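Survey of secondary and tertiary structure
So you can see what is in the structure, the chains are spelled out below.
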There are 2 protein chains.
Amino acid sequence: MVRAMTQNIYDNDAFFAGYSKLARSVDGLAGAPEWPALRALLPPLQGRNVLDLGCGFGWVCRWAREQGATRVLGVDVSEKMLEHARATSPDPAVSYLRADLETYEPEPNAYDLVYSSLTLHYLLALDRLIASVHRALKPGGSFVFSAEHPIFTAPSAPGWQDAGGRKIWPVDRYLAEGPRTTNWLADGVVKQHRTIGTYLTLLLQAGFTITHVEEWGPTAEQIAAKPEWAVERDRPPFLLVGARR
Amino acid sequence: MVRAMTQNIYDNDAFFAGYSKLARSVDGLAGAPEWPALRALLPPLQGRNVLDLGCGFGWVCRWAREQGATRVLGVDVSEKMLEHARATSPDPAVSYLRADLETYEPEPNAYDLVYSSLTLHYLLALDRLIASVHRALKPGGSFVFSAEHPIFTAPSAPGWQDAGGRKIWPVDRYLAEGPRTTNWLADGVVKQHRTIGTYLTLLLQAGFTITHVEEWGPTAEQIAAKPEWAVERDRPPFLLVGARR
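Now for a quick tour of the structure. Not measured: the values here are computed from a predicted model. (Residues numbered from 1 in each chain as written. Chains lettered and ligands numbered in written order. Predicted model: local features only at pLDDT ≥ 70, side-chain atom pairs only at ≥ 80, totals over all residues. Heavy atoms only, no water.)

Thoughts on the packing of aromatic side chains
Residue and element names in this part refer to chain B.
- If you walk through the whole model with that rule in mind, you get 31 aromatic pairs over all chains.
- Seen in terms of ring centroids, Trp 35 and Trp 63 are 4.9 Å apart; in terms of plane orientation they differ by 85°. Their pairing is edge-to-face. With Trp 35 in helix 3 (residues 35–39) and Trp 63 in helix 4 (residues 59–66), this residue pair connects regions lying 28 residues apart in the sequence. Assigned by exposure class, Trp 35 and Trp 63 land together as buried.
- Ring geometry for Phe 145 versus Tyr 199: centroids 5.8 Å apart, planes at 40°, classification tilted. A residue pair is termed long-range when its members are at least 10 positions apart, and Phe 145 in strand 5 (residues 137–148) and Tyr 199 in helix 8 (residues 196–206) qualify at 54 residues. For the pair Phe 145 and Tyr 199, one class covers both residues: buried. (Phe/Tyr/Trp six-rings, centres within 6.5 Å; stacked < 30°, edge-to-face > 60°. Helix = DSSP H or I, 4+ residues; strand = E, 2+ residues; numbered from the N terminus. Buried < 20%, exposed > 50% of the residue type's maximum accessible area, 1.4 Å probe, protein only.)

Some points on helix 4 of chain B
- Burial in helix 4 of chain B covers these residues: B:Val60, B:Cys61, B:Arg62, B:Trp63 and B:Ala64.
- At its buried positions, helix 4 of chain B is contacted by helix 3, strand 1 (49–53), strand 2 (71–76), helix 5 (79–87), strand 3 (94–98) and strand 4 (111–117) of chain B. (Contact = heavy atoms within 4.5 Å.)

Examining the packing of helix 6 (residues 126–136) of chain A against helix 8 (residues 196–206) of chain A
All names here are of chain A.
- Contact pair helix 6 / helix 8: the axes reach a minimum separation of 9 Å and the direction vectors enclose 45°. Considered as vectors, helix 6 and helix 8 are oriented oblique to each other. For the element pair helix 6 and helix 8, the recorded crossing hand is right-handed. Note on element contacts: helix 8 touches helix 6 through Tyr 199, Leu 202, Leu 203 and Ala 206, opposite Leu 126, Asp 127, Ile 130, Ala 131 and His 134. (Axes fitted to C-alpha atoms, helices over the stretch in contact; angles between N-to-C directions. Parallel < 35°, antiparallel > 145°, perpendicular 65-115°, else oblique. Left-handed = near helix turned anticlockwise from the far one by under 90°.)

Examining the relation of the copies chain A and chain B
- With an RMSD of 0.0 Å, chain A superimposes on chain B once it is rotated by 180° and translated 0.0 Å along the axis. Viewed as a symmetry operation, the transformation between the two copies matches a two-fold axis. Within chain A, the C-alpha atom positioned nearest to the axis of rotation is that of A:Pro170, 2.6 Å from it.
- When the interface residues of chain A are mapped onto chain B, 97% of them again fall at the interface, so both copies present the same face. (Least-squares fit on C-alpha atoms with pLDDT ≥ 70 in both.)

Brief notes about the sheet that holds strand 10 (residues 209–216) of chain B
Residues and elements named next belong to chain B.
- Strand order in the open sheet formed by 7 strands is 3-2-1-4-5-11-10, with mixed pairing between adjacent strands. With partners counted over all chains shown, the strands left at the sheet margins are strand 3 and strand 10, one partner each. Averaged over all pairs of adjacent strands, the angle between their axes in this sheet comes to 15°, without regard to strand direction.
- Here helix 4 sits on the sheet in contact with strand 1, strand 2, strand 3 and strand 4, set at roughly 175° to strand 2. (Pairing = 2+ DSSP bridges.)

What to know about the sheet that holds strand 3 (residues 94–98) of chain A
Residue and element names in this part refer to chain A.
- With mixed pairing, 7 strands are arranged side by side in an open sheet as 3-2-1-4-5-11-10. One side of each edge strand has no neighbouring strand; the edge strands of this open sheet are strand 3 and strand 10 (209–216). Neighbour-to-neighbour, the strand axes of this sheet turn through a mean angle of 15°, independent of strand direction.
- The sheet contacts of helix 5 (residues 79–87) involve strand 2 (71–76) and strand 3, and relative to strand 3 the element is tilted by about 165°.

In structure tokens:
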């Protein structure tokens, strides 16, 4: 069987240039407003093994080491991002591997935490990956991930619309799972729209216990600091999930 | 502490008259398109005890007896609906109780299944009820419910809008949980909007294991029979959840 490789948009020059300027690229975890909520889902990492799927510039890999993780492996399909990750604070306990998550098979029974930030919505074979994540965890290990929220990815024409002074998010095709092509940082970025129900069902089918489901929006404090974020509470941008093997 | 009682809209004459004409009132379970999906989540009922919260006309109570349930209790706040339920196929193994689910405390360790169809989105004190459902179940017992989907309940101005030939559902206020007043069958019907994350978090906090999460839309067969339902796949009307004590 031939599997399609996920579009590797992060190695597109225009996309990479744009992505590199985002707050979450320049400022790292401090520039990712959902990070405090996601971090709250992580187990203590002292002495633990961590796998980061879609590690990008390696911010979470380095953070995991600061928390005392023994061994950290960051996997990403983007050579450009991994080059940057490898060049930043080299650490013999942190490895980076270029691999396509459509087919990547991590070492079984090896990890206490598998983490993935804003990556799973690019994948076609998510059922396969989630099953392999379950195998890669030690019993009792945690899988924590974020993904673009399905309300965000569903529309055939995403974008805020004016509705008599209010802004509304034009939902359609919510139950029509499959590819969505958007022009975010570059033209023709392909994401896979899936419902919350599907994300959770894939976890349950793989044998996970669901421990946390959060539809993330900015906090009152974050909105006070950046009032333009208030609209994100009208339509959550991210889904945060915790599960245990 | 004084608790607000949920609005008992089903005993409003205009609402009751309208509700009584719906397919799900006239045809019972055959008139509820989500019933096959919800039924698929139920455990075998032979010899089991069942509690139905928001039992309405008692369709599921009677069905549970047909499946061999030993004892069935239907609870509802609507006197009009319970009168109808009691008058239809009286059965000594089926009891009906009028109670406000904001304060109702079912018998502990008594039930193999607690079921609730399209009721929980009327309740203010849902955390209290879910904790009491957990206590009411025997260990290993199932809690299966449907509720209006949060995408359906979120908007400040719900209703399909035309967007250049497509229909879109105008989502706003998704993360602003709380009351929503709509004019469905009667003016001023108050529902409580909650996110999927909140429903699932309340279950986890009460000690439940989540076993199923489904964002329901009509099947291809149902749309072939009723083409006007196709739009319901653009914005799911119902959330179906299964959990185990």
